[in-house]
Amino acid sequence: MSLFSVMIWLPVAVISCLAAGWLFQQALILSVNETTAKFLRTAPLTASFGLLTIILYITFAVFAPLIAPYQQYEILAGAFEPWAYPYLLGTDNLGRDVLSRLVYGARNTVGIAFLITALAFVVGTVLGIYSALRGGLVDQLFGRFIDVLMAIPTLIFSLLMLTIFGTSVLSLVLVIATIDSTRVFRIARAVALNIVVLDYIEAAKLRGESTTYLIVREILPNAMAPLAAEFGLRFCFVFLTISSLSFLGLGLQPPLADWGSMVRDNAELISFGDVTPLIPAGCIAVLTIAVNFVVDWLLHRASGLKD
Amino acid sequence: MSKKTNTAPLLNMRNVHIKGLSDEKWVDIINGVGLDLNRGEVLGLIGESGAGKSTLGLAAMGFCRDGCKITDGAIEFDGLDLLNQNRQQMRQLRGRRIAYVAQSAAASFNPAHRLIDQFCEAPLKHAVMGRAEAENYATSLYERMNLPDPDEFGLRYPHEVSGGQLQRAMTAMALSCRPDLIIFDEPTTALDVTTQIEVLAAIRDIVKQFNTAAIYISHDLAVVAQMADTIKVLLKGDEVEQATTVKMLKSPVEDYTKSLWAVRKYARAEQQPVASLQPVIEISNVTAGYSPRQDILENVSFVIHKRRTVAVVGESGSGKSTTARVITGLLKPRIGTVRFNGTPLPAGYQDRNRDQLRHVQMIYQMADTALNPKLRIRDLIARPAAMYLGLSGKALNERVRDLLRMIEMEPDQYIDRLPSELSGGQKQRIGIARAIAAEPGFIICDEVTSALDQLVAEGILKLLDRLQSELDLSYMFITHDLATVRAIADEVVVMKDGLVVEHGPKSEMFVPPHHPYTELLLGSVPEMDPKWLDRLLESRGVDNIGDAAIARMK
C-alpha cells in the first residue's frame, strides 16, 4: 500500500467508525427510557464507537457457532490457502479456516479474559475494602502479603506458576486472577480508605451493622465509579496477558482458537507480504482501544470534570 | 500611583447578569445587580448560600468561576471597563490593584512555601517593590496585625501557625501591593468566635489606615455590622435592599431582611429541671485520649436528664466531639464510665447490645457526609427502623412515611429521592429522621446547624425542639455558636482543653460572674450593634483578644 492510499483510507476509516458510533448512539437513545438516554447523551463519539465495538465482540463471542462457517479445530484444506471462497480469510498453518478461528477466538479469549477480570475484582475488592475497614494489624498483614506478590514481575511470575500448575484453562484463570487481584486490592483499598472515614460509615457502625453490610451496601456503591473504570483497564491488561502467554505457548492450548497463538502460528506469512496474521492482532488492538474509550468516558464522568 | 480626586466611584457595577452552567443548562445566578463603591468605603454583602454573594464578589474583579459567564451589564473599576480588558491588562489589575481574601486561608496558602515567600510573590511579579522592601513591608504589616514575633513570623510554613493567624497573614498578603480594592469572602466563617475577633479587628484597622475600599461578604449579620458602612442584602441573585449599616439594622424595609434579623431572636422556653429522676446519660470522671500517653479529656463529668437539652460549648480542640465519641463508644475511655438510665454502657460500641446502640443516636454536622449518597431516602430511614424494631413490608413503609411527615417533608415527594436531590436543610432533616427512626432516648447533635444558613438553621432548631417534647428525647448539643445555645439549651457545659470549666443552667450561664474563659467566649460573640467591636476593643485592648487572651489564661 502506498503512502497516498493510507492517507486516504485512514481518515475514511476514522470517520466511518465515528459515524457508526453516532448512529449506534442515536439508535440506543431512541430505544431506552429517559434517564438512560440522558446518560447516553453525555457519551462522546469515541465512547459510543467503543460501546458499539464491545457489543459486536460480545455478539460474536456468544453466537460463535452460528456465525463461524466451520469448527475451530477442523482441518479443511492445505496450509496457507489464500483469501478466497469458501475460506474468506484463507487457512492457517494446519489448513484450518482463519475466519472461523477468529470468531471462536473471540469467545475463548474474551470470555476467559472476562472471567479472570471478574474473579480478580471480586477477590481484590472484597479484601481491599475489608482491609481498609478493619485497619491496624489486618490491614498490615494483607498489605505486606500483597506487596510480596506485587514485587515479582507479572509475566515471569505467571510463567513460573503455569509451569508448576500446568497449562489447563482452570489454572490459567486462577493464576492470572490471583496476580491481577493484587492490583485491584490496592485500588479498592485506596478508594475505601477515603470512604471509611466518612460520617455515614460511622453512623452505620454505631447502628451495629455487620461487616458484610458495610462492604456491600455502604462502601461498594460509593467506590463503584473508580472500580468500574479500573475494571475496563484491567480487562485490557488481562486480555493482553493471555494473548502474550498464548504467543509464548503457555496460554490457551491447541486446538482452542486464541488470537495470541493465531498470530504466532501464522507469523511466517508476514515475510511473504500477507496481512493475515495481523488480523487477530488487529482484533486485540481494536477491542483494547474500544474498552479504553468507554473507560475514559466513565472516568471523566466519575471525576466530575466539566471540560 | 497618584490618588485621583475625582468623585466617580472606584468600583461601579451596573445591571450585572451572570449565568452558570448546571446540568447542561444555563441558569441565572445574578439577575441585574449593581453597586457603587468609593475609596475607604466598606460594603457588606449578605445573603444565604446560593444567593450569589461570592459570584458577585468575584465579578467585581472581572472574574468568573469555571462554568459561569457574565452575560450582561457593566463593571467599571477606576474608569477601566473590566469586561473588555485583555488577559495582560487583567493581570496588571488583579493582585496589584484588586485583591481577594478567601474563606479558607488553610486551603488557599501553598503548604510548600514559607509565608514570606508567598507574600513577596505578588509585589515582585508586579514590580511594585524589591525583595528586601517587600520583606520589610511584610514585617510591618504582620506587626500591625498583631501577629506574634513579626520579624520571624514570615519564616514559618502555613501549617505552623494557627487558623486565625493564617487568615491574618492572608489579609496581609492581599495588602502586599497596596491595592485599591479588597474583596473579603467570608474570611472568618471557618474560625472560632474568639479567633474571629482578632481577624475582624485587624481587617478593620487596615482598611481604615490605607483608605482601601472593600467588599465584605458574609452570611453573619453581626459580623458585617461591625465591618461595613453599607449593607446590601441578596436573595437568589436579586438585590433585596441596600442601606447604611445603622439604618439597615434599625429599620429594615423588606420582609426577607426582617426575617433574617428575627432569626437571632428565636428562643424556646426553658424546660423545668427534673433533677429528682434518674439521669438519662451520666458521664462520670471520664479521662480519654487517642494515644495512651496523651489524654484529650480529663475527668469530665456531667449528667443529662430526660427531656433536657445540654449544650456543650467550647473552641475547636476543646474536647466536645471527643466527649461525644466516648458516649457513643467510638473511643474507649481510659478511666471513667458512661451510664444510660443508671446502667453502665460497655466502653466500646462493638460490645454494646442492640438496645444500647439504639438508645444513643447521633446527628452529624455535615449532612452531606452523614448520608450515604447512593441510598434513597426510603432506605436511609428504613434501615434503623427495620434493624431495631423489626419492621418490614407495609408496616416499615408506613413508618418511613410517618417519620417523613414528622420532619415536615412530604412523603410522596421525597421518599424516592437521593440525598443529592435535597437541599442542605432537607438533608439535615433526613439525618434527624434517621436518628429518631431508632426510637432513641438520647441524641447527640454535633454542630447540626453550623453548616446551614440562619433561616434554615432556625427551622432545624424548631424541629428538634418539637420532637423533644413529642418523643421525650434528651439532647446533647455540641456547638461553638452561643446564639444557638441561647436558643435551645436548658443547661450549658463549657469545655476548654478537655476540662469542664463551667456547668450550669442556661439562665445562670448568661449572667455574671463567669469563669474567665466563659466570659471570653460570651464576650466574643458579635452583636448586632455596629459599635460592639469598638467598645470591645476599647474595654479589652487590642492585645487582649483571641489567642492572646486565651494564652494569658493558662
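Please read all numbers here as calculations on a predicted model, not as lab measurements.

Student: Could you give an account of the sheet that holds strand 15 (residues 343-344) of chain B, with specific residues and numbers?
Tutor: Residue and element names in this part refer to chain B. Reading across from one edge, 12-11-14-15 is the order of the four strands in this open sheet, with antiparallel pairing throughout. The open sheet has two edge strands with one neighbour each: strand 12 (297-304) and strand 15. Pairing geometry for strand 14 (residues 335-340) and strand 15, over two bridges, is antiparallel. Bridging from a neighbouring strand, Arg339 pairs with Pro344 of strand 15. Against the sheet, helix 12 (residues 320-328) engages strand 11 (281-288), strand 12 and strand 14, with an angle of about 115° to strand 11.

Student: Describe the interface of chain B and chain A, with residues and values.
Tutor: Contacts between the two partners involve 17 residues from chain B and, on the opposite side, 13 residues from chain A. Elements that contribute at least two residues to the side of chain B that touches chain A include exactly helix 13 (354-359), helix 14 (367-370) and helix 15 (377-389) of chain B. Partitioning the side of chain B that touches chain A into residue classes produces 11 nonpolar, four polar and two charged.

Student: An account of the packing of helix 6 (residues 136-151) of chain A against helix 8 (residues 169-196) of chain A is requested, with residue identities and associated values reported.
Tutor: To describe two helices that pack against each other, one gives the angle between their axes and the distance between the axes. Residues and elements named next belong to chain A. It is at 9 Å that the axes of helix 6 and helix 8 come closest, and there the two elements cross at 135°. Taken together, the axes of helix 6 and helix 8 lie oblique to each other. In the packing of helix 6 onto helix 8, the handedness of the crossing is left-handed. Seen from helix 6, the contacting residues are Ile146, Leu149 and Met150; seen from helix 8, they are Thr182, Phe185 and Arg186.

Student: Quick rundown of the environment of Ser261(A)? Include the residues and the values.
Tutor: Structurally, the position occupied by Ser261(A) is in helix 11 (residues 259-265). C-alpha of Ser261(A) to C-alpha of Gly21(A): the two residues are 240 residues apart in sequence and 30 Å apart in space.

Student: Give a description of the nonpolar core that names residues and reports values.
Tutor: Within the largest apolar cluster, 142 residues are counted, with the highest numbers of intra-cluster contacts made by Ile381(B), Cys445(B) and Phe477(B). No other element matches the 16 residues that helix 5 (residues 98-134) of chain A contributes to this core. In this structure, this core is formed jointly by two domains, domain 2 (271-316 + 441-528) and domain 3 (368-439) of chain B, each of which donates at least three residues. In contact with Phe477(B), other than residues within four places in its own chain, are Thr309(B), Val310(B), Ala311(B), Val312(B), Cys445(B), Ile488(B) and Ala489(B). With 81 residues, the next largest nonpolar core counts Ala134(B), Met170(B), Ile206(B) and Leu533(B) among its residues.

Student: Explain unusual backbone geometry residue by residue, including any values.
Tutor: All names here are of chain B. Unusually for a residue other than glycine, Arg178 sits at a positive phi of about 50°. Secondary-structure assignment places Arg178 in the loop between helix 7 (163-174) and strand 7 (181-185). Notably, Asn341 is not glycine yet its phi reads approximately 50°, a positive angle. Examined against the element boundaries, Asn341 turns out to sit in the loop between strand 14 and strand 15.

Student: Describe the pairing of strand 3 (residues 42-46) of chain B, naming the residues involved and giving the relevant values.
Tutor: All names here are of chain B. Where burial is concerned, most of strand 3 is hidden: five out of the five residues are buried. Burial along strand 3 is two-sided: the residues Val42, Gly44 and Ile46 and Leu43 and Leu45 are all buried. For strand 3 and strand 8 (residues 213-218), the ladder comprises five bridges, and the chain directions are parallel. What sits directly across from Leu45, in strand 8, is Ile217.

Student: Summarise the environment of Phe157(A); cite the residues concerned and give the values.
Tutor: Residue and element names in this part refer to chain A. When you line up the elements, Phe157 lands in helix 7 (residues 154-165). Judged by the 16 C-beta atoms lying within 10 Å of it, Phe157 is partly exposed. Considered as a pair, Phe157 and Ala68 are 89 residues apart in the sequence and their alpha carbons are 36 Å apart. Apart from the residues lying within four places of it in its own chain, the contact partners of Phe157 are Ile152 and Ile179.

Analysis parameters
- Residues numbered from 1 in each chain as written.
- Chains lettered and ligands numbered in written order.
- Predicted model: local features only at pLDDT ≥ 70, side-chain atom pairs only at ≥ 80, totals over all residues.
- Pairing = 2+ DSSP bridges.
- Helix = DSSP H or I, 4+ residues; strand = E, 2+ residues; numbered from the N terminus.
- Contact = placed C-beta atoms within 7 Å.
- Axes fitted to C-alpha atoms, helices over the stretch in contact; angles between N-to-C directions.
- Nonpolar A, V, L, I, M, F, W, Y, C, P; charged D, E, K, R; others polar.
- Parallel < 35°, antiparallel > 145°, perpendicular 65-115°, else oblique.
- Left-handed = near helix turned anticlockwise from the far one by under 90°.
- Core = buried A, V, L, I, M, F, W, Y, C linked by C-beta atoms within 7 Å.
- Buried ≥ 20, exposed ≤ 12 C-beta atoms within 10 Å, placed from the backbone.
- Domains from an automatic or database assignment.

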